[in-house]
Each structure stands twice: as structure tokens, then as C-alpha cells.
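Spelled out from the first residue to the last, the chains are:
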Amino acid sequence: MGLLDKVKDKIGGAIGSTPIVKATMLGPRAVGKTSVMASIFSDTKEEVAGTTLYFRPNASCAGILNAKKLQLMDVINRRVSITDNPNTGAIEATNAVTSFDFEMGMKGREKTIDISIKDFPGEYLDSLPDEVSRYIAESHIIMVAIDTPYLMEEGGMYNDEKNEIGHIVSFFKNHTDSLKNKLILLIPLKCERYFHDNRIEEVSQRVITTYDPLISFCKGMNIACAITPIQTLGGVEFDKFVDNTGTFSKLTKLSSYRFYSNSPQYKPMFCVQPLYYLLTYVANFYEWSKAQPKSFFDRLKDTMVSFLKDDDDFLHEIKKLSMKANVGKHGYTIVNHNTILNIK
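Residues numbered from 1 in each chain as written. Predicted model: local features only at pLDDT ≥ 70, side-chain atom pairs only at ≥ 80, totals over all residues. Heavy atoms only, no water.

1. So, the nonpolar core
Our working rule: In this text, buried Ala, Val, Leu, Ile, Met, Phe, Trp, Tyr and Cys residues form a nonpolar core when linked through side-chain atoms within 4.5 Å. Relative accessibility under 20% of the residue-type maximum defines a buried residue, over 50% an exposed one, and the middle range a partly exposed one, all with a 1.4 Å probe and only protein chains included. Secondary structure elements are defined from DSSP: runs of H or I of at least 4 residues count as helices, runs of E of at least 2 residues count as strands, and each element is numbered from the N terminus. We call two residues in contact whenever any of their non-hydrogen atoms come within 4.5 Å of each other.
Counting residues in hydrophobic clusters, the biggest one holds 100 residues, and the most contacted among them are I115, F172, I184, L186, L214 and F314. Element by element, the count of residues in this core is highest for helix α13 (residues 273–290), at eleven residues. Setting aside its immediate chain neighbours within four residues, I115 contacts V21, F55, F100, D101, F102, M104, L275, L278 and L279. Core analysis: the next-biggest nonpolar cluster, separate from the first, contains eight residues, A38, V75, L233 and V236 among them.

Structure follows, in C-alpha cells:
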């Protein structure tokens, strides 16, 4: 790496590079994070609702996500048994750090910005805490994936061992500087059964109760926090817990799924909402940063803020997304505002 590249890398690529929006995803293995990325790809296609923006994975990411999407569709279309493969839902879990890289721009213009979402499995909070903390510091939002059946079933008896909320809160408290002025999204995944049973508001209330230590932490740190439930596949729903026979050694129970209706379809819902929240928060952050003392704005090395300063058209299109963000319906709840977040 040359000297210029080292300097660019150190300040987040601010010198002559494509502006980048970063997001960090945290959560246990086999929670469905890769499935959600594939569903975002399926949900958005080329256009972002009601705007002139386009959103698509880069070349390397597109192949991975398209393969995952086809795998998910195959599960539904061929009625592949998922009860024989409990807890994974449809896609084999991985313990590797995974990057999902997208590009976004305005139709009729060349590529404008990059969006990079990096997924750190829970064990990296212990094995590589400094690396995770550095990436969080460079991110605009942190997404915490929640395996919803473990939260909701059996009175939440198995939630701690699966979703590791205490582990995440402890990590946050030990790396507070990385979290200042961020947005944390608590994302309950695999919510099909609770949408189908009209219990999605109950899911949000359970998140508020169970994740109170995290929410309380946010309230003292100028960190915004919202709950954004997702239907990961649409065509399947939680059925029951089964005894662990050794597949995941630390879990007492594994979750088993069933097909929803006699003609299930691959129809994820709300997977694009975290994207709307992310981009809205970027626009909010830009507006907030302008109001800070001049010295703060001059020191700010955020490539996206620098870009928006010179592109009113793109900023205007991003602001439209705040009208598409669910709030106060379908279980979507803002549990803590900060001085930046402006989604109503």
C-alpha cells in the first residue's frame, strides 16, 4: 500500500475516493442476517421507492446474494424440508466476518456512493474487539439482529443463550467512544408467525422490556435507538423448539419452522426498512453536523457528509426516504431519540 493509500485508509477514504456509508451488523450465528441481505436485494431491485435513486450490490456481492436468494426461493418453491434442519432456517450459518457491499446513485448519473454493511458474528466481540470497535466508530448505524422466536417463545427462557444481549451491552459499555452520535437498530428477524398472529406489537414490547439495559445505555449517550421487525422469508414461520442434539453446542433448544399456508411463497417483508433508516440517518447527521461549531465540521472526516455538502439533488432524494420509513406501525418503534435522528 502506497503512502497516499495509507492516508486515505486512515481517514476513511476521504481523499479522491467514492463516498462511503458504513453500517455494522451484530448478532449470533444462524439468526438470518445473510437471508435479510438477500431479501434487501430482492426487495429493492434497481429503484428505491418514490425516488430517482438506484440501489444494487457490487459485482462480487451480487453473485453471493443472488445465489442466496435462489436458495431461499428453492426452499419455498420445492417445499424443501426445513424442519429437518432446525435453527438455520434456510441458509447454513457462518462464523466468518462478512461484508455486503452496495452502490447507490441517481438514475442518469454515474455511481455516486458506496454502502458497506459488515456482519460481525458475536464471537468477534471477544476475539477482535478493537477491530469491531473501529468499524463501529466509522459506521453511521449499528444493526443488532434478534432471533425473534427465542425472544418470544417459552417466556424468553432461551433468549439470553441465543441472542446474547448481555454480551452486546457489555461490549458497548467498554467501547462508548465508538458509539457516540450513532443510531442502533434492534432488528427482530424471522417475525412471520407474529405478523400472521397479529402479535407484532407484542414483539416490540418484549424487545423494550428484554433489551432495557441496552436502551437505557443509549439514553445516556446521545445514541438513537429504534425497533424494526422483519419478515425474513415470508413463506415460513416458527413452529416449535426441538432439543439440541449437538449441532450448536451452547444452545439448549433449536428452532424449527413450518410452511405458512398450503401455497407458501418467498415473500419477505420490510427487509428494506433498515436501508431507509440508514440513509435517513445519514441525511440527518449531515444537517446536525452543519449546526455544530465550525471547528467540529472542519475536523469531520465523514466522506458522506462532505459529499452531501456539494450535492443538493442527492440530499433531496435521500430525504424522501424518511417518508418511507415505518414508524408507529407494524411494530416499528423509536425507543430513543437523540439530537440527530429526525424520523416522524
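Read on, since the account is not over.
2. Details of the pairing of strand β1 (residues 20–27)
Heads up, the rule is: One requirement defines pairing of two strands: DSSP has to find at least two bridges between them.
In terms of burial, β1 is largely enclosed, as seven of its eight residues are buried. Both β1 and strand β4 (residues 113–121) contribute to a ladder of eight bridges, which runs parallel. Bridge pairing in β4 places K22 opposite S116.

3. With respect to empty space enclosed by the protein
Take a probe with the size of a water molecule and roll it over the atoms, and the empty space left behind shows itself. Applicable threshold: Both site types are read off a 1 Å grid over the protein atoms alone. A 1.4 Å probe that fits but cannot get out defines a cavity, while an open set with protein on both sides within 12 Å along at least five of seven lines defines a pocket; lining residues have an atom within 4 Å of a point. Grid points are joined across faces, edges and corners, and a volume is the space filled by probe spheres set on the points. Throughout this entry, Asp, Glu, Lys and Arg are counted as charged residues, while Ala, Val, Leu, Ile, Met, Phe, Trp, Tyr, Cys and Pro are counted as nonpolar. The remaining residues, Gly among them, count as polar.
Scanning the model with the defined rule gives three cavities of 30 Å³ or more in all. Looking at the largest cavity, its volume works out to about 60 Å³. What lines the largest cavity is simply M25, K33, V36, M37, I40, M143, V144, A145, I187, L189 and P274. Taken together, the elements giving at least two residues each to the lining of the largest cavity come down to α2 (33–44), β5 (141–147) and β6 (183–189). When residues of the lining of the largest cavity are assigned to their parent elements, the largest contribution, four residues, is made by α2. Among the residues making up the lining of the largest cavity, the classes are represented as ten nonpolar, no polar and one charged. Taken as a whole, the second largest cavity holds about 50 Å³ of empty space. Taken together, I40, F55, I115, I117, M143, P274, L275 and L278 make up the full set of residues lining the second largest cavity.

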